[in-house]
Protein chains: 2
Amino acid sequence: MKNLNSISLKLSESGELLILDQQMLPDQENWILVRDPDHMIEIIQQLKVRGAPLIGVAAALSLALWSQKNQPQLGQFLQVSMSLRQSRPTAVNLMNALDRLNQVAEATKVSTDSILNCALEIYQEDVDLCLQMAQVGSELIQDGDSLLTHCNTGGLATVGVGTALGVITQAHSQGKKIHVYVDETRPLLQGGRLTTWELKKAGVPYTLICDNMAASLMAQNRVNRVFLGADRIALNGDFANKIGTYNLAVLCHHHKIPFYTVAPSTTIDFNCPDGASIPVEQRQADEVRGVAGSFGQVRWSPVDSQVHNPAFDVTPAHLLSGLVIDNKIITPKQIQEHGNLKQALL
Amino acid sequence: MKNLNSISLKLSESGELLILDQQMLPDQENWILVRDPDHMIEIIQQLKVRGAPLIGVAAALSLALWSQKNQPQLGQFLQVSMSLRQSRPTAVNLMNALDRLNQVAEATKVSTDSILNCALEIYQEDVDLCLQMAQVGSELIQDGDSLLTHCNTGGLATVGVGTALGVITQAHSQGKKIHVYVDETRPLLQGGRLTTWELKKAGVPYTLICDNMAASLMAQNRVNRVFLGADRIALNGDFANKIGTYNLAVLCHHHKIPFYTVAPSTTIDFNCPDGASIPVEQRQADEVRGVAGSFGQVRWSPVDSQVHNPAFDVTPAHLLSGLVIDNKIITPKQIQEHGNLKQALL
């Protein structure tokens, strides 16, 4: 079997799928051997693997490897595919990847070699699309820029160099002098735990902030551009992304700071007309009452506090300066002119 | 001696000053016996006592009680007063309270009884001003309102019913059905630890959120009004308050949601022309790299992460719907018409 090796996912020649446990970062780098799709669902739901593109690739590989071992009938294949599909409700890359495997399974009478090849294609496409986005997006960054990003969108969110963070590290590797403000990204701290870890590895200078500090940095002209990812993009350009994204969109609009989302075309939901149609996952109250991870667990608010904990928010397209999608930069105006994002990308 | 008894500060008849250790809330209610002004400085800097009005009252009482015991010369008195004054740089109530004691000391050749009376007056004024603000401010709240607040501005921030939170609990006690969204207020979690504790005690329904969630609530029309406090108000109406305040101001402006700051007139710096002249305290990096308190201590980001950690931000007056100051509601327009806040209050 083909040997795959990204910073967050590995496939050995003997067909063992390994996932880097992101809940243990930045302190420990533990790899989880994925037993089967049920195990993958658990790993996805516990956010041991996360990042919209990475979830799609990981789920597809686990389904393909399980099929190789078990040679299922179509009905059973589609059933397992459906459980994987339902593991998280917002990121659409997962649905898109599984739909592709389903189509191959249906068209080939469950040829497990074809299914595996399709999953490997999805992997390679993610790598290639990341490189394209990094190349195109990095042209938006100028020498001396001070950037701001939210959540984690790097090699821990994809199997390639990442989406928004790939753009940023690409600009750095081009020799542009940049500085990155990193939102810690409450409640699950993907910025504080993962983006800091990746930027440190890449040697990119960064400053960690709490999410509520971005506004005053902007008022002081200390942020030139904001880049972040997307978990689902609707046909009109509205998009769901990690909670706090819409906050930054409003702040950028107010301060006239360019605001870009960076995502592969696999993040587009061609069946979704607008942001209002995107389902948003509500997560457990304890995530907001305190913090928990490999670093420990504490709770600082009353144990019975009522909590609101949406994993994502929705940003309307008109607040975007542009969407970096694959090898293109699309503006909200272009989406309007073409009627929708699908047409604008043609 | 007069017996004082607020939820955050006590003075016994024998002259013992006790401070509720706010770092131990909400899990433990520990009272600290204040030994002398040096001890008070330590208590202030460690945020065991916090809230702009409360810090002013606590510092004034510790100086007055120390003077009673030690009968200092004017020079020594002013020196101790100056060290208290420098314990935190942004909240101006502290400076205003100590300036009043200094004036009494100078005018009375350090009559320690006069100094103590002045400190007791400052205490009583804070109680009275809180009641006035609660009364006037609560008229802005309608039955059925969904409110949002930031940091802690209640009985733990004053020696009275509070500023913004006093307004909110007053509306509740008037029988208005209200719901309060509470920003957790990173990094030190005064919302998650203290405001939740106070609202629970007062029986006011609340929902705890992370600071980056307010924007999407506003987009969903789930916030009718925002009330929060101030640590220093400049003559043009600009004000410093807990980091994250300016973020909310921009969000309210964008979503056309009324946005009020509530503060006693002791929070006005009559020597400060505008927000740009307000010094903003930078605090330790470890506060952002993790959390620490009576609930435990964890660090989730790399130990050497560079961090930006301003305790406050500055909100320009034009983003305010109004300032509730003592028994008045002042609009930015009134400040402009009268030339400055001092004139507008006359």
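Not measured: the values here are computed from a predicted model.

Rules used throughout
Residues numbered from 1 in each chain as written. Chains lettered and ligands numbered in written order. Predicted model: local features only at pLDDT ≥ 70, side-chain atom pairs only at ≥ 80, totals over all residues. Heavy atoms only, no water. Helix = DSSP H or I, 4+ residues; strand = E, 2+ residues; numbered from the N terminus. Rg over C-alpha atoms; globule rule 2.2 N^0.38 Å. Contact = heavy atoms within 4.5 Å. Core = buried A, V, L, I, M, F, W, Y, C linked by side-chain atoms within 4.5 Å. Buried < 20%, exposed > 50% of the residue type's maximum accessible area, 1.4 Å probe, protein only. Least-squares fit on C-alpha atoms with pLDDT ≥ 70 in both. Pairing = 2+ DSSP bridges. Lys, Arg positive; Asp, Glu negative; His and termini not counted. Salt bridge = Lys/Arg side-chain N within 4 Å of Asp/Glu carboxyl O. Buried area = accessible area lost by both parts, 1.4 Å probe. Polar contact = N/O pair within 3.5 Å; in protein donor to acceptor, adjacent residues only side chain to side chain.

**Some thoughts on the overall build of chain A**
Next, step 1: A count of helical and extended segments in chain A gives 12 helices and 16 strands.
Next, step 2: Relative to the globule expectation of 20 Å for 346 residues, the C-alpha radius of gyration of chain A, 19 Å, shows essentially globular dimensions.
Next, step 3: For chain A, the C-alpha atoms occupy an extent of roughly 60 × 50 × 40 Å along the three principal directions.
Next, step 4: Of the contacts formed within chain A by residues at least 6 apart in sequence, a portion of 73% connects residues at least 24 apart.

**Here's the deal with the nonpolar core**
Next, step 1: Residues Phe227(A) and Phe227(B) are the most contacted members of the largest nonpolar core, which totals 118 residues.
Next, step 2: In this structure, Phe227(A) is in contact with Gly137(A), Leu140(A), Ile141(A), Leu147(A), Leu148(A), Thr149(A), His150(A), Ala164(A), Val167(A), Ile168(A), Tyr260(A) and Val262(A), ignoring residues within four places of it in sequence.
Next, step 3: Of all hydrophobic cores here, the second largest spans 44 residues; its members include Ile32(A), Val34(A), Cys118(A) and Leu120(A).

**Considering the relation of the copies chain B and chain A**
Next, step 1: Expressed as a screw operation, the relation of chain B to chain A combines 0.0 Å of axial shift with a rotation of 180 degrees, fitting to an RMSD of 0.0 Å. Considering both components of the superposition, the chain copies are consistent with a two-fold axis.
Next, step 2: Comparing interface residues between copies, 100% of those in chain B also lie at the interface in chain A; the contact surface is shared.

**Thoughts on the pairing of strand 11 (residues 259-263) of chain B**
All names here are of chain B.
Next, step 1: The buried fraction of strand 11 is high, at 5 of 5 residues.
Next, step 2: Residues Phe 259, Thr 261 and Ala 263 of strand 11 are buried on one face, and the alternating residues Tyr 260 and Val 262, pointing to the opposite face, are buried as well.
Next, step 3: As paired strands, strand 8 (residues 225-228) and strand 11 are joined by 3 bridges and run parallel to one another. Note on strand 11: the bridge partner recorded for Val 226 is Phe 259.
Next, step 4: Looking at chain direction, strand 11 and strand 15 (residues 322-325) are connected through 4 bridges and run parallel. Paired with Ala 263 across the strands is Ile 325, a residue of strand 15.

**Topic: the side chain of Asp21(A)**
Residue and element names in this part refer to chain A.
Next, step 1: Here Asp 21 lies in the loop between strand 3 (17-20) and strand 4 (31-33).
Next, step 2: It turns out Asp 21 is buried and unbridged, and the closest side chain with the opposite charge, Lys 48, is 4.7 Å from it.
Next, step 3: Sequence-distant contacts of Asp 21, defined by excluding residues within four places in its chain, comprise Asn 30, Ile 32 and Lys 48.

**Observations concerning the pairing of strand 10 (residues 239-242) of chain B**
Residues and elements named next belong to chain B.
Next, step 1: Sheet analysis places strand 9 (residues 232-233) next to strand 10, joined by 2 bridges and oriented antiparallel. Opposite Ile 233, over in strand 10, you have Phe 239 as the bridge partner.
Next, step 2: Hairpin geometry of strand 9 and strand 10 is characterised by an intervening segment of 5 residues between the two adjacent antiparallel strands and by a positive phi of about 95 degrees at Gly 237.

**Here we look at the pattern of salt bridges**
Next, step 1: Scanning the entire structure with this criterion turns up 22 salt bridges over all chains.
Next, step 2: Residue Asp304(B) pairs with Lys200(A) through a salt bridge whose shortest N-O separation is 3.3 Å. Separated into two different chains, Asp304(B) in the loop between strand 13 (296-299) and strand 14 (312-315) and Lys200(A) in helix 7 (residues 190-202) make up a pair that spans both.
Next, step 3: You can call Asp304(B) partly exposed: its relative accessible area is 49%.
Next, step 4: We classify Lys200(A) as partly exposed; its relative accessible area is 46%.
Next, step 5: The shortest N-O distance in the salt bridge between Asp269(A) and Arg232(A) comes to 2.8 Å. Placement of Asp269(A) in the loop between strand 11 (259-263) and helix 10 (286-289) and of Arg232(A) in strand 9 (residues 232-233) is noted, with a sequence separation of 37 residues between them. Assigned by exposure class, Asp269(A) and Arg232(A) land together as buried.
Next, step 6: Sharing partners across several salt bridges, the network here consists of Arg88(A), Glu281(A), Arg283(A) and Glu287(A).

**Quick word on the interface of chain B and chain A**
Next, step 1: With 56 residues of chain B at the contact, the number on the chain A side is 56 residues.
Next, step 2: Carbon and sulfur atoms make up 63% of the surface buried where chain B meets chain A, a total of about 4400 Å² over both sides.
Next, step 3: Per-residue buried area on chain B facing chain A is highest for Asn212(B), Trp300(B) and His308(B); these three make up 18% of the total on that side.
Next, step 4: If you look at where chain B meets chain A, you find 4 salt bridges.
Next, step 5: Glu184(B) is the salt-bridge partner of Arg186(A), the closest N and O atoms lying 2.7 Å from each other.
Next, step 6: Counting across the chain B and chain A interface gives 18 residue pairs in polar contact (both at pLDDT 80 or more).
Next, step 7: Elements with a contribution of two residues or more to the side of chain B that touches chain A: helix 7 (190-202), strand 7 (206-209), helix 8 (214-219), helix 9 (245-255), helix 10 (286-289) and strand 13 of chain B.
Next, step 8: Of all the elements, helix 9 of chain B adds the most residues to the side of chain B that touches chain A, at 7 residues.

**Topic: helix 6 (residues 164-173) of chain A**
Residues and elements named next belong to chain A.
Next, step 1: Of all the positions in helix 6, only Ala 164, Leu 165, Gly 166, Val 167, Ile 168 and Ala 171 are classed as buried.
Next, step 2: Those residues of helix 6 that are buried lie in contact with helix 5 (112-138), strand 5 (146-149), strand 6 (179-183), helix 7, strand 8 (225-228) and strand 11.
Next, step 3: Positioned one or two residues after helix 6, Gly 175 has a phi angle of 90 degrees, which is positive.

**A short note on unusual backbone geometry**
Next, step 1: The linkage connecting Leu25(A) with the following residue, Pro26(A), adopts the cis geometry, with an omega of 5 degrees.
Next, step 2: Along the polypeptide, Pro26(A) turns up in the loop between strand 3 and strand 4.
Next, step 3: Residue Val110(B) is not a glycine yet carries a positive backbone phi of 60 degrees.
Next, step 4: Inspection of the secondary structure puts Val110(B) in the loop between helix 4 (92-107) and helix 5 (112-138).

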